[in-house]
Amino acid sequence: MTISQNENEKIEEPEKYIFKLFISAKSSDSVYAIKNIKKFCNHYLQDKYELEVIDIFQEPEQASEEHIVLTPLLIKKFPLPEERMSGDLSNTQHILAKFHIDYEN
Amino acid sequence: MENTINQNDKINNSNNCKPTLSKTLTGIVGLDDITFGGIPKNRTTLLVGAIGSGKTVISMACIVNGILSYDEPGVFMTFEEKKEELQLNLFTLGYDLETLINEKKLYIENLYIGHEAAQVTGKYNIDGLFVRIEQVIEKVKAKRIVLDSLDTLFSGLDSNILRGEIKRLFNWLKEKEITAIITAEIGQTQLTRMGLEEAIADCVIELNNRVSNQIATRRIRVVKYRGSEHNTNEYPFIINRKGISLYPLIDEEPQQKVSNERISTGVIEMDKMLENKGYYIGSSILLAGAAGTGKTSFATAFAVNTCRENKRCLYCTFEEAPSQLIRDMGAIDFPLNTFLDSGHLKFYFARPILQNFELHIMSIKTKIKEFKPDVIILDPITNIMVESINSDTTATLAQFIDFVKMTGDITVLFTSAMTIEALSINPSYEGIFSMVDTCVMLQEKRIETVHVRRMYIMKSRGINNSKEEKEFIITDKENTISPNNKMVISNNEIVKKDPIISRENKPSVSANLSSIAQNENGKNLVK
């Protein structure tokens, strides 16, 4: 696996993945995104994750801090580097590759 | 009974609620004219154009004008330039955005995008943008917003999803009751790269920056304006330190003033041909003839006489530099220098290839505003029409004549190196002949072994002009009259026996008229 940023990280698997999912409650894409990410996390990360779901209409300040244009948008806050992915997260393989998650664990 | 009343009410209501298209003035001189009152209020206008066509500046001008002139705060959302760069760029154009930002009337938002755009899985929407826009509108209570530009905002995204989303954005902006301008880059085959925005936008304005004959000219065109008439022509515009100026043709100008007063042509025989009074003040005159037919001499006689009547003359020369003109006209005793010193005469001299015709005309307009002349001479107009005389340049000339006529009392004289024969070669010439009020044709004809100059008045609106073809001479001899009733162009300061005074009893107008004294045998007589 040539996924980690440095040698140390490669050895130590992150203890926890921290995600922020920005959604707009009005849209169906967001509903799918929540479902998909929860399914994904439960399947690949079990309890090793934290997921915060933020409705941009409820918390516009947070949305603007993060320069959100597209929703749904998933941000991996930890481990660094921060990574973003937009869309309804229906493609599991994309997420695994993008966020460098070693799914065999 | 109740029913009928209700019905009546309904009818009244429906009458009151007639859908009227309200517009918002952009405050950009000219743009509001070609759109007949500005861009659609509370709706979306699409501004398309290539890189460097002036999209950012025009849209920002609309925001700034909204703040300064119409008390409408505005938001400028840029996805392209950094806030600081944008401010600096516009500062050089005379827009002090800092102050407006501090007064909380302007908000510039720089939205970074792109990272997440490239990493997409599955369906998505642009609700995030909506939330953002809502926030920034709230910050300054904006009535106007610019999104600059659509292409940067959505670069790398799936165009199928975007079409729907852009449509949603336009509708959403409409609901927000905000006047929006969205810029987009012009597409190869379609108007915009996205291909659909123009179908959604209520108003589409196109900008371009074309180079023709090595002269770059920015042009603007209203492609579409839903529910409103608009001018579909292309109009040139300039962006300089004074901001943006458009030079539109104002379709009909009801306030066009008409004068009944007359002004001497500076040549007594010519006055005679024009009911003995000369041109109408505020009219346009064309002196047309091939090279060497005496156009400049006629024009100078008019200029000198105007100055002598204590009026002001703006002499725009595109062929000879003023110093040369002074020397050459000095050879036939026209004292241009004297009037230059006295402030009655001013020159505008510019190389024809310096800029395009419309821009020359704009510079002249500026001069007119500063100097407030009574007479303007453009000598020769054909020289600054370097792009060749076509419908474009003719239209510009028509616009200029319109502009001058609106002032009501400026008489404008063009000279033009055109001949009647040329009409058949280039029909566009016809436009020039027809747009002016008085048209004087100058010719050189060979009679046996001598070339003689002749002139006739082809037309003169509202004047019962002589149809005679007159021979004329140009001489340095003052007080010259030629035999056989020929016309003489020469400098004549003192009127000895002025037929105009005696006939018209208008000493105030004609007291200082130059005239040909009744003297015998001048020199340089032809024939």
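Cut-off values and rules
Residues numbered from 1 in each chain as written. Chains lettered and ligands numbered in written order. Predicted model: local features only at pLDDT ≥ 70, side-chain atom pairs only at ≥ 80, totals over all residues. Heavy atoms only, no water. Buried < 20%, exposed > 50% of the residue type's maximum accessible area, 1.4 Å probe, protein only. Helix = DSSP H or I, 4+ residues; strand = E, 2+ residues; numbered from the N terminus. Pairing = 2+ DSSP bridges. Right-handed = clockwise from strand over helix to strand, strands pointing away. Expected span 1.5 Å × (residues − 1). Arc of directions from axis to C-beta. Contact = heavy atoms within 4.5 Å. Axes fitted to C-alpha atoms, helices over the stretch in contact; angles between N-to-C directions. Buried area = accessible area lost by both parts, 1.4 Å probe. Salt bridge = Lys/Arg side-chain N within 4 Å of Asp/Glu carboxyl O. Polar contact = N/O pair within 3.5 Å; in protein donor to acceptor, adjacent residues only side chain to side chain. Core = buried A, V, L, I, M, F, W, Y, C linked by side-chain atoms within 4.5 Å. Lys, Arg positive; Asp, Glu negative; His and termini not counted.

Describing the pairing of strand 7 (residues 179-185) of chain B
Residue and element names in this part refer to chain B. Here strand 7 lies mainly inside the structure; seven of its seven residues are buried. Alternating positions in strand 7 separate into two faces, Thr179, Ile181, Thr183 and Glu185 on one and Ala180, Ile182 and Ala184 on the other, with burial throughout. Here strand 3 (residues 44-49) pairs with strand 7 via six bridges, running parallel. Paired with Gly49 across the strands is Glu185, a residue of strand 7. Alignment of strand 6 (residues 144-148) against strand 7, held across four bridges, turns out to be parallel. By the bridge assignment, Leu147 is partnered in strand 7 with Ile182.

Here's the deal with the pairing of strand 1 (residues 17-23) of chain A
All names here are of chain A. Counting buried residues along strand 1, six of its seven residues qualify, which places the element largely inside the surrounding structure. Here strand 1 runs beside strand 2 (residues 49-55); their pairing, made up of seven bridges, is parallel. For Ile23, the partnering residue across the bridge sits in strand 2 and is Asp55. Where the polypeptide runs from strand 1 across helix 2 (residues 28-44) and back to strand 2, its parallel neighbour, the crossover connection is right-handed. As paired strands, strand 1 and strand 3 (residues 73-78) are joined by five bridges and run antiparallel to one another. Each residue of the ladder has a partner; that of Phe19, found in strand 3, is Lys76.

A short note on helix 2 of chain A
Residue and element names in this part refer to chain A. With 17 residues, helix 2 extends 24 Å from end C-alpha to end C-alpha; this agrees with the ideal 24 Å at 1.5 Å per step. For helix 2, the complete set of buried residues consists of Asp29, Ser30, Ala33, Ile37, Phe40, Cys41 and Tyr44. Each buried residue of helix 2 sits inside an arc of 95° when the element is viewed along its axis, so together they form one side. Of the exposed residues in helix 2, those oriented more than 90 degrees away from the buried face are Lys35, Lys39 and His43. Buried-residue contacts for helix 2 involve strand 1, strand 2, strand 3 and helix 4 (92-98).

Overview of the sheet that holds strand 19 (residues 438-447) of chain B
Residues and elements named next belong to chain B. The strand order across the open sheet built from nine strands is 16-15-17-18-14-19-20-21-22, with neighbouring strands paired in mixed fashion. Whereas interior strands pair on both sides, the edge strands pair on one side only; in this sheet they are strand 16 (345-349) and strand 22 (487-489). Averaged over all adjacent pairs, the angle separating strand axes in this sheet is 25°, with direction ignored. Relative to strand 21 (residues 470-474), strand 20 (residues 450-460) runs antiparallel, the two being bridged by three bridges. Looking at the pairing, Arg453 lines up with Phe472 of strand 21. Its contacts with the sheet place helix 12 (residues 295-308) against strand 14 (284-289), strand 15 (313-317), strand 16, strand 17 (375-379), strand 18 (411-416), strand 19, strand 20, strand 21 and strand 22, and it is angled at close to 155° to strand 15. With respect to the sheet, helix 13 (residues 322-330) is in contact with strand 15 and strand 16, its orientation differing from that of strand 16 by roughly 125°.

Considering the sheet that holds strand 4 (residues 83-86) of chain A
All names here are of chain A. Strand order in the open sheet formed by four strands is 2-1-3-4, and the pairing between neighbours is mixed. In this open sheet, the two edge strands, each paired with only one partner strand, are strand 2 and strand 4. Between one strand axis and the next, the sheet turns by 20° as a mean value, whatever way the strands run. Its contacts with the sheet place helix 2 against strand 1, strand 2 and strand 3, and it is angled at close to 170° to strand 1.

Brief notes about the interface of chain B and chain A
Every contact between the two is made by 23 residues of chain B and, on the other side, 26 residues of chain A. Counting the surface lost from both chain B and chain A, the interface buries some 2100 Å², and carbon and sulfur atoms represent 57% of this. Linking chain B with chain A are zero salt bridges, by the criterion used here. The interface formed by chain B and chain A holds 10 residue pairs in polar contact (both at pLDDT 80 or more) in total. Broken down by secondary-structure element, the contributors of at least two residues to the side of chain B that touches chain A are helix 6 (115-118) and helix 7 (127-140) of chain B.

Considering the nonpolar core
Residues and elements named next belong to chain B. If you look at the biggest cluster of nonpolar residues, it comprises 39 residues, and the most contacted ones within it are Met270, Phe298, Ile377 and Met455. Residue contributions to this core peak at seven residues, all from helix 12. For Ile377, the contacting residues outside a window of four places in its chain are Ala299, Phe302, Ala303, Cys313, Leu314, Tyr315, Cys316 and Leu413. In terms of nonpolar packing, the next biggest core, distinct from the first, is built from 36 residues, Met77, Val140, Leu173 and Val204 among them.

Some details on unusual backbone geometry
Here the residue pair Thr71 of chain A and Pro72 of chain A is connected by a cis peptide bond, since its omega of -10° sits within 30 degrees of zero. For Pro72 of chain A, the location among the structural elements is in the loop between helix 3 (60-65) and strand 3. Note that the residue after Asp148 of chain B, namely Ser149 of chain B, is joined by a cis bond; omega there is -5°. At Phe36 of chain B, a position not held by glycine, the phi torsion is positive, near 55°. Tracing the chain through its elements places Phe36 of chain B in the loop between helix 2 (31-34) and strand 2 (39-40).

As for the pattern of salt bridges
All names here are of chain B. In this structure the tally under the stated criterion is 21 salt bridges over all chains. Glu275 is the partner of Arg262 in a salt bridge, and the nearest nitrogen-oxygen pair spans 3.1 Å. Of this pair, Arg262 sits in strand 12 (residues 262-263) while Glu275 sits in the loop between helix 11 (268-273) and strand 13 (279-280), and the two are 13 residues apart along the sequence. Several salt bridges converge on common partners, so that one network encompasses Arg43, Lys174, Asp202 and Arg226.

Regarding the side chain of Asp271 of chain B
All names here are of chain B. Mapped onto the fold, Asp271 is located in helix 11. One buried charged side chain, Asp271, makes no salt bridge at all; its nearest oppositely charged neighbour is Arg262, positioned 8.1 Å away. Only 2.8 Å separates the side chain of Asp271 from the backbone nitrogen of Thr265, close enough to count as a polar contact.

Nothing here speaks to function; it is geometry throughout.
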